[in-house]
Amino acid sequence: MAQRSLTAWFLPGLRQPAQPTQAEAASFDALAPKLGYLSKAEVKRVREAYKFADEAHLGQKRATGEPYITHPIAVAGICAEWRLDAQALMAALMHDVVEDCGVSKAELIEKFDATTADLVDGLTKLDKLQFSTKEESQAESFRKMLLAMARDLRVILIKLADRLHNMRTMGAMAPHKARRIARETFDIYAPIAHRLGLNQTFRELQDLSFQYFHPWRYAALTKAVAKARGNRRDLVSRIEGEIRAAFAKASLRVEVQGREKTVYSIYKKMREKGGLSFAQVSDIFGFRILTEEPLQCYTALGVLHQLYKPQAGRFKDYIATPKDNGYQSLHTTLMGPLATPLEFQLRTEGMHQIAEQGVAAHWIYKSRGKQGSSALIAQQANARWLQSLIDIQDETRDANEFLEHVKIDLFPDAIYVFTPKSKIMALPKGATPVDFAYAIHSDVGDHCVAAQVNGEAVPLRAELKSGDIVEIITAPGASPNPAWLSFVRTGRARSKIRHYLKDLEQEESRELGQKMLAQAMRIEGLALPSLEVDDPAAPIWHDLAGWAGSASTEQLLVDIGAGRKIATIIAKKLARLMAEQGQKPDALALTLGRFTEAPALQGSVTLDGSEGASVQLASCCRPIPGDEVRGYLGRGEGLVVHTCECAVGRRLFQRDSEHWIQVEWAEELTRSFEAGIALLMTNGKGVLAQVAQAVAQAEADITHISMTEDAQLRETAEMTLLLAVRDRLHLADVLRVLRRTAPVQRVWRVKP
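Definitions and limits used
Residues numbered from 1 in each chain as written. Predicted model: local features only at pLDDT ≥ 70, side-chain atom pairs only at ≥ 80, totals over all residues. Heavy atoms only, no water. Phe/Tyr/Trp six-rings, centres within 6.5 Å; stacked < 30°, edge-to-face > 60°. Helix = DSSP H or I, 4+ residues; strand = E, 2+ residues; numbered from the N terminus. Buried < 20%, exposed > 50% of the residue type's maximum accessible area, 1.4 Å probe, protein only. Lys NZ or Arg CZ within 6 Å of the ring centre and 35° of its normal. Pairing = 2+ DSSP bridges. Axes fitted to C-alpha atoms, helices over the stretch in contact; angles between N-to-C directions. Parallel < 35°, antiparallel > 145°, perpendicular 65-115°, else oblique. Left-handed = near helix turned anticlockwise from the far one by under 90°. Contact = heavy atoms within 4.5 Å. Nonpolar A, V, L, I, M, F, W, Y, C, P; charged D, E, K, R; others polar. Patch = residues over 30% accessible without salt bridge, like charges linked within 9 Å, V, L, I, M, F, W, Y side chains within 5 Å. Areas by Shrake-Rupley, 256 points an atom, 1.4 Å probe, with all protein chains shown as cover. Salt bridge = Lys/Arg side-chain N within 4 Å of Asp/Glu carboxyl O. Core = buried A, V, L, I, M, F, W, Y, C linked by side-chain atoms within 4.5 Å. pLDDT = per-residue confidence, 0-100.

Novice: Explanation requested: the packing of aromatic side chains in the structure shown.
Specialist: For any two aromatic rings, the description comes down to two numbers: the centre-to-centre distance and the angle of the planes. Under the defined criterion, the tally for this structure stands at 11 aromatic pairs. With a centroid separation of 5.6 Å and 50° between ring planes, the pair formed by Phe28 and Tyr50 is classed as tilted. Taken as a pair, Phe28 in the loop between helix H1 (22–25) and helix H2 (40–56) and Tyr50 in helix H2 lie far apart in primary sequence, 22 residues in all. The class of Phe28 is buried, set by a relative accessible area of 3%. Between Phe653 and Trp660, the ring centres sit 5.8 Å apart and the planes meet at 75°, which makes this aromatic pair edge-to-face. According to the relative accessible area criterion, Trp660 is buried, its value standing at 0%. The ring of Phe213 carries the charged tip of Arg183 above its face, separated from the ring centre by 4.5 Å.

Novice: Would you mind going over the sheet that holds strand E2 (residues 285–291) with me for this structure?
Specialist: Strand pairing in a sheet takes place through backbone hydrogen bonds and is either antiparallel or parallel in direction. With respect to topology, five strands assemble into an open sheet ordered E1-E2-E5-E4-E3, the strand pairing being mixed. The open sheet has two free edges, formed respectively by strand E1 (255–260) and strand E3 (309–317), since each of these has just one partner strand. Between one strand axis and the next, the sheet turns through 20° on average, direction left out of account. Note that E2 and strand E5 (residues 341–348) share six bridges and pair parallel. Of the residues in E5, the one forming a bridge with Ile289 is Leu346.

Novice: It is not clear to me how the packing of helix H10 (residues 175–195) against helix H11 (residues 199–213) should be interpreted in this structure. Could you clarify?
Specialist: Angle between the axes and distance between the axes are the two parameters that describe a pair of packed helices. Look at H10 against H11: their axes get within 9 Å of each other, and the N-to-C directions meet at 160°. Comparing their axes, H11 and H10 come out roughly antiparallel. At the point where H10 passes H11, the crossing takes the left-handed sense. Contacts between H10 and H11 involve Ala178, Arg179, Ala182, Arg183, Thr185, Phe186, Tyr189, Ala190, Ala193 and His194 on the former and, on the latter, Asn199, Thr201, Phe202, Leu205, Gln206, Ser209, Tyr212 and Phe213. Tallied by class, the residues present in the contact of H10 with H11 amount to 10 nonpolar, six polar and two charged.

Novice: Would you mind showing me how to read a nonpolar patch on the surface here?
Specialist: A cluster of nonpolar side chains, Leu688, Ile705 and Met707, forms an exposed patch at the surface whose accessible area comes to about 240 Å². Along the chain, Ile705 falls in strand E17 (residues 701–707).

Novice: Explanation requested: the sheet that holds strand E19 (residues 744–749) in the structure shown.
Specialist: Read from one edge of the open sheet, four strands run E17-E18-E16-E19, paired in antiparallel fashion. In this open sheet, the two edge strands, each paired with only one partner strand, are E17 and E19. Adjacent strand axes in the sheet meet at a mean angle of 25°, parallel and antiparallel pairs treated alike. Sheet topology note: the strand E16 (residues 673–682)/E19 ladder contains five bridges and is antiparallel. Pairing of Leu679 across the sheet is with Val747, part of E19. Helix H29 (residues 728–739) contacts E16, strand E18 (716–725) and E19 of the sheet and is inclined by roughly 165° relative to E19.

Novice: Before we go on, may I ask you to explain the nonpolar core in this structure?
Specialist: Ranked by size, the top nonpolar core spans 60 residues in total, and within it Val46, Met94 and Leu108 carry the most contacts. Of all elements in the fold, only H2, helix H3 (70–81), helix H4 (86–93), helix H5 (97–101), helix H7 (114–123), helix H9 (154–168), H10 and H11 reach the threshold of two or more residues within this core. Ignoring any residue separated from it by four or fewer positions in sequence, one finds Leu108 in contact with Phe52, Met94, Val97, Val98, Val103, Asp113, Ala117 and Val120. Among the nonpolar cores identified, the runner-up in size contains 53 residues, and Ala567, Ile570, Val663 and Ala700 belong to it.

Novice: Sorry, what's going on with the confidence of the model for the protein here?
Specialist: Low pLDDT means the predicted coordinates in that region are not meant to be read closely. For the protein, the average pLDDT comes to 78, and 78% of its residues sit at 70 or higher. Across the protein, H29 holds the top mean pLDDT of 93, while helix H17 (residues 361–367) sits lowest at 48. Overall, residues 126–133 carries pLDDT values under 50, and its contacts beyond four positions in sequence, including any with other chains, amount to eight contacts. For the stretch residues 594–603, pLDDT sits under 50, and the model shows 27 contacts to residues farther than four places along the chain or on other chains.

Novice: I tried to follow the pairing of E18 on my own but got confused; where do I start?
Specialist: Both faces of the sheet carry side chains from a regular strand, because those side chains alternate between them. Of all 10 residues in E18, seven are buried; the element is thus mostly enclosed. As defined by bridge partners, E16 adjoins E18 across 10 bridges and the pair is classed as antiparallel. Across the sheet, residue Ala678 finds its bridge partner in E18, namely Thr720. Note that E17 and E18 share six bridges and pair antiparallel. Residue Asp701 lies in a different strand from E18, and its bridge partner there is Ala724.

Novice: Mind showing me how you'd approach the environment of Ala548 here?
Specialist: Here Ala548 shows up in helix H23 (residues 538–548). Among all residues touching Ala548, those that are not within four sequence positions of it are Leu556, Lys565 and Ile570.

Novice: What's the story with the environment of Lys496 in this structure? I'm lost.
Specialist: Here Lys496 shows up in helix H22 (residues 491–523). Judged by relative accessible area, which is 14%, Lys496 ranks as buried. Separated by 54 residues in sequence, Lys496 and Ser442 have C-alpha atoms that sit 7.1 Å apart.

Novice: Sorry, what's going on with unusual backbone geometry here?
Specialist: Backbone geometry at Ser251 places phi at a positive 55°, although glycine is not the residue there. Among the secondary structure elements, Ser251 is positioned in the loop between helix H13 (233–249) and E1. One non-glycine residue, Asn454, adopts positive backbone phi at about 55°. The residue Asn454 is located in the loop between strand E8 (448–453) and strand E9 (456–458) in this model. Note on Asn454: relative accessible area 46%, which makes it partly exposed.

Novice: In this structure, what is going on with the pattern of salt bridges? I would like to understand it.
Specialist: Close approach of charged atoms lets side chains of opposite charge pair. Applying the stated criterion across every chain, the model contains 18 salt bridges. The partner of Asp113 in a salt bridge is Arg45, and the shortest N-O contact between them spans 3.0 Å. Taken together, the residues Asp113 in the loop between helix H6 (105–111) and H7 and Arg45 in helix H2 connect sequence positions 68 residues apart. Classification of Arg45 by relative accessible area gives partly exposed; the value is 31%. When the shortest N-O distance is used, the salt bridge between Lys105 and Asp118 registers 2.8 Å. Of the two residues, Lys105 is situated in helix H6 and Asp118 in helix H7; the sequence distance between them amounts to 13 residues. Residue Lys105 is classed as partly exposed on the basis of its relative accessible area, which comes to 31%. What makes Asp118 partly exposed here is its relative accessible area of 40%. Three or more residues joined by partner-sharing salt bridges are found here, namely Lys105, Asp118 and Asp121.

Given below as structure tokens:
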């Protein structure tokens, strides 16, 4: 294997090719030399796409003053460096014609082909749709682009090439716009490039984002790196000579490459290490060793460890355990001459291609007529991630939520854990057993109740570490807990949990809506028609849903239960529809229904404590069984229950009386309820313990305690408790016991 000189090491980390003249950059001649891997017929099709784009963008200028066509040509040139096929290059040339020039997708299909048109459409922003905010529009654009990417990976490769060229030429843009684009690039596009294994593109996007987001810091560090590069020239030459001599002595043919940390990675290390100065960052330079076979990587590692002393805990084997994006390499840090830490990466040529180009290497290998095992690993790893995007989309129709899930999965660091059957699972750093359970299968996650790590029981929120053996314990009747959302790390787990909770809320709202509509129909003297699809009453439900503006009968009942529709109004319309079919109200039922109905309230709901998210007990008054209560149907909030003496509830009732319904407590209750009490007590040692003992004596539980900040400095202190009690009688017992407790001077129930 040929030895490569380290002279290139002293050049800046992000080397740019010589820039063509403006006339050359605006013509097909700037792209043609890069198309040697295509057939003549394919080059002809790419030229036709260039002509179409050139005519579409005629007269348009970039912020730099150049003809706009120079941008599509540059984007296609980057794609050609990745050896993308002719359709991808055509889409790259025409990626802005729909958005900026008013060309329709139908025109592209007619003139070119459906696949090329689909690629362009996947890259086009959604300018024709109306969104409430700019953020929503951006989120929807990302959602569309990522889903198009899941169907065809070329979409994101073209998009990354587009963003890379825009970042390279952003000098002419206003500083505030440049900062916004740099932040977006850093948060979204650079992590996507990393997730897909395009590390060269990832590093350049990070550095360019840093350059425009922190221009002064970037300039200072760039100057410092250039100075350090010159100062260490002799040391590097010495290390290079020692490395080459060691490999020659071992008769091992390798290629030695110098590697310099990017400006952003130096800045990141300075911050992560507690604000180091540049002079304190010693491992700015490193080396990359390329071998012919994977086994030679380990042999080369042994040669290096004989030459320089390795640092403990600084070795990673990504060949045996590839990263989730297919990256493979051996990493080790050695102590070189003058106690200088040296980072080494050892990999084969094929691994190096994957490490730098990621999924783009698939097309590079394809154009050469071969497919290495490293390329296959990268394809499989990214196929799994792309499939997870489709899974998340199936459960998340909200664009902002979808983007949030995707951001969670764009993690730079991963841990590797094992199933009990020794299968390796890659998860983000900080992942928990719940993330692991959902990574195995959604059913495992949904029914997860406990976990064991390395044979020991752990909490479900425990953070996993590389090498852990994780076993999930499930139960058939278990279901996701809303509290899991506070600690899960993967987008898949978060979307699955939210999807389950939304379905649960929909079902609860539907049941509540059906109950409320049935009660409202009793006031009209009619029974609720059957909801069976094959029942003769089905057309009535269809007409009613259409009149109410709901997509279906199910959605109508959900809307009533969630407070978006008023049951009495829907009931009156339903009664009219039934009358048209000859169904008359029952006189006795009509009289009883209206006699028992309070004039300002609609329907009635019975509470037993088993209600879910569609019924909430107001936090202002905290009603408990025995309180006189009534319910407010907030718009989209479900049913909120207040006590009749609640000041907040009274104000709402005066303002919006028609959204209130009668509520009553069931005789048999399924759980305890929270009530707030306040205590004024003499301050002293052990007071809190005495209060807790009194509450326990009354068979109640304390769920929350709060005190004034300076309570310890006063002779008397006021404490507020939330207690779990059965009903008003139980609360009265608790208050009675507390009043008899020595330090308590006064105790009362908290009311708004």
